[in-house]
Amino acid sequence: MRERQFKILQQQAYDHIKNGILDQSFQYDQIYSESKLSLEIGISRTPVRDAVHRLYQEGLIDIIPNKGFILHKITNTEMMENQEIRSAIEGYCSRQAAISNSSGPVRNLLTAMEASLDKQQEIYESTSDVFQFTAEDQHFHFLLVTYNNNETFLDIYNQCIYKTKRLASYSLKSEGRMLHTLHEHRDIYQAIREGNPQQAYDAVILHMQAPLSVYMQNSGLEPCE
């Protein structure tokens, strides 16, 4: 019973910190104390410490001995590797979806993707809000990865979310990138809908390269800040 309760507290601490990182409540170059976070969450320090070590292993934070932790600054190499992992997973998923485009799961996928595309179009035309578009962008890609229920893909993909969100929010600020992203998403959707595996795969790879190119062109800047 105690072990189960401890795991619940661990997860609570992990979710609290990770959500703060993803929604950018946590800031770069600021040291965060495990003691202060445990008080903020309302739990003991031990599950917070375990959550911190888990986030360190996932590459989201760097631990400062006897002080706490800071957000990990993403390097050029890490960003490139992140896109390579996503390309492998999403490229495969899009190809398989196009092959099985008449199946029930893929028909459901296409319906959900179309709804997401409509939402992206609405955001672009109404506010062009980067935060809102980034969230819907991630939702679109998550649909593609989750439709075939491959738990291993999901585990790996979830480790990419932080870097993916940072890259998207960075690149979408560039002039014209939001509209190009929308067109690239439509190309992926259309290739799957038409049952063209190679075109679906190529559309994903092109889409993965585009924001990375924006980032690398400005690599003299601090990554994704």
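As the structure is a prediction and not an experimental result, all values here were calculated from the model. Residue indices begin from 1 for each chain and proceed along its sequence in written order. Only residues with pLDDT of at least 70 are given local features in this predicted model, and only at 80 or more are side-chain atom pairs given and counted; all residues enter the totals for whole chains, interfaces and linings. Side-chain measures were taken over the full set of non-hydrogen atoms in the model, leaving aside hydrogen atoms and water.

**Examining the overall build of the protein chain**
So, step 1. Numbering of helices and strands runs from the N terminus; a helix is a DSSP stretch of H or I covering at least four residues, while a strand is a stretch of E covering at least two. From N to C terminus, the protein chain includes ten helices and two strands.
So, step 2. Going from the N terminus to the C terminus, the protein chain shows its helices and strands as α-α-α-β-β-α-α-α-α-α-α-α.
So, step 3. The reference for a compact globule is 2.2 Å times residues^0.38; the radius of gyration itself is calculated from the C-alpha atoms. Its C-alpha radius of gyration of 19 Å places the protein chain within 12% of the 17 Å reference for a compact globule of 225 residues.
So, step 4. On the principal axes, the C-alpha backbone points of the protein chain span a range of 55 × 45 × 35 Å.
So, step 5. Throughout, exposure labels follow a simple rule: accessible area from a 1.4 Å probe, protein chains only, divided by the maximum for the residue type, with under 20% read as buried, over 50% as exposed, and the rest as partly exposed. A buried classification covers 44% of the 225 residues belonging to the protein chain.
So, step 6. Taking the intrachain contacts of the protein chain between residues at least 6 apart in sequence as the baseline, contacts between residues at least 24 apart amount to 73%.
So, step 7. All tallies of charge rest on Lys and Arg as positive and Asp and Glu as negative; His and the ends of each chain are not included. To locate a charge, take atom NZ for lysine, CZ for arginine, CG for aspartate or CD for glutamate. Positive and negative side-chain charges of the protein chain, numbering 21 and 29 respectively, have mean locations separated by a distance of 7 Å. Any two residues whose heavy atoms approach within 4.5 Å at even a single point are treated as in contact.

**Brief notes about the nonpolar core**
So, step 1. Joining through side-chain atoms within 4.5 Å is the link that ties buried Ala, Val, Leu, Ile, Met, Phe, Trp, Tyr and Cys residues into a set, and such a set is a nonpolar core. Leu109, Met113 and Ile192 are the most contacted members of the largest nonpolar core, which totals 31 residues.
So, step 2. Those elements giving two or more residues to this core turn out to be helix H4 (76–99), helix H5 (104–126), helix H6 (130–146), helix H7 (151–158), helix H9 (177–193) and helix H10 (197–217).
So, step 3. Look past the residues within four positions of Met113 in its chain and what remains in contact with it is Phe140, Leu143, Ile188, Tyr189 and Ile192.
So, step 4. Counting residues in each nonpolar core, the second largest holds 27 residues, with Phe26, Ile41, Ile61 and Leu71 among its members.

**Let's talk about the pairing of strand E2 (residues 68–71)**
So, step 1. Two strands make a pair as long as DSSP finds a minimum of two bridges between them. Judged from the four bridges that link them, strand E1 (residues 61–64) and E2 form a sheet pairing that is antiparallel. Along E2, the bridge assignment pairs Ile61 with Leu71.
So, step 2. As consecutive antiparallel partners, E1 and E2 are separated by three residues, and within that stretch Asn66 has a phi angle of approximately 65°, a positive value.

**A look at the packing of aromatic side chains**
So, step 1. Each aromatic pair joins two rings of Phe, Tyr and Trp (for Trp, the six-membered one) with centres within 6.5 Å, and gets the label stacked for planes under 30 degrees apart, edge-to-face for over 60, and tilted for any other angle. Tallied over the entire structure, the rule returns four aromatic pairs.
So, step 2. When the centroid spacing of 4.5 Å and the interplanar angle of 50° are considered together, the rings of Phe26 and Tyr32 count as tilted.
So, step 3. The exposure class assigned to Tyr32 is buried, which follows from its relative accessible area of 11%.
So, step 4. Ring centres 6.3 Å apart and planes at 25° place the aromatic pair Phe26 and Phe69 in the stacked group. You can see Phe26 sitting in the loop between helix H1 (2–22) and helix H2 (34–41) and its partner Phe69 sitting in strand E2, a full 43 residues away along the chain.

**Description of the pattern of salt bridges**
So, step 1. Here a salt bridge means any side-chain nitrogen of Lys or Arg lying within 4 Å of a carboxyl oxygen belonging to Asp or Glu. One pass over the full model with this rule turns up seven salt bridges.
So, step 2. In this structure, Arg54 and Glu58 form a salt bridge, with 3.7 Å as the shortest nitrogen-oxygen distance.
So, step 3. The exposure class of Glu58 is buried, given its relative accessible area of 19%.
So, step 4. The partner of Glu184 in a salt bridge is Arg177, with the nearest N and O atoms 2.6 Å apart. Note on accessibility: Glu184 and Arg177 belong to one class, buried.

**Here we look at the packing of H5 against H6**
In helix packing, the relevant descriptors are the interaxial angle and the interaxial distance, both defined with respect to the helix axes.
So, step 1. A fitted line through C-alpha atoms serves as each axis, taken over the contacting stretch for helices, and the angle formed by two N-to-C directions is quoted from 0 to 180°. Remark: H5 packs on H6, axes separated minimally by 10 Å, with the N-to-C direction vectors making an angle of 170°. Accordingly, the angle class assigned to the pair H5 and H6 is roughly antiparallel. Seen from above, H5 lies across H6 with left-handed handedness. Along the contact surface, H5 presents Leu109, Ala112, Met113, Ser116, Leu117, Lys119, Gln120 and Ile123, while H6 presents Gln132, Phe133, Glu136, His139, Phe140, Leu143 and Leu144.
So, step 2. Grouping the constituent residues of the contact of H5 with H6 by class yields nine nonpolar, four polar and two charged. Here is the rule for angles: anything less than 35 degrees is roughly parallel, anything more than 145 is roughly antiparallel, 65 through 115 is roughly perpendicular, and the remaining ranges are oblique. For any helix crossing, the convention is left-handed if the near helix is rotated counterclockwise from the far helix by under a right angle, and right-handed if that rotation is clockwise. Residues are grouped as follows: Ala, Val, Leu, Ile, Met, Phe, Trp, Tyr, Cys and Pro are nonpolar; Asp, Glu, Lys and Arg are charged; all remaining types, including Gly, are polar.

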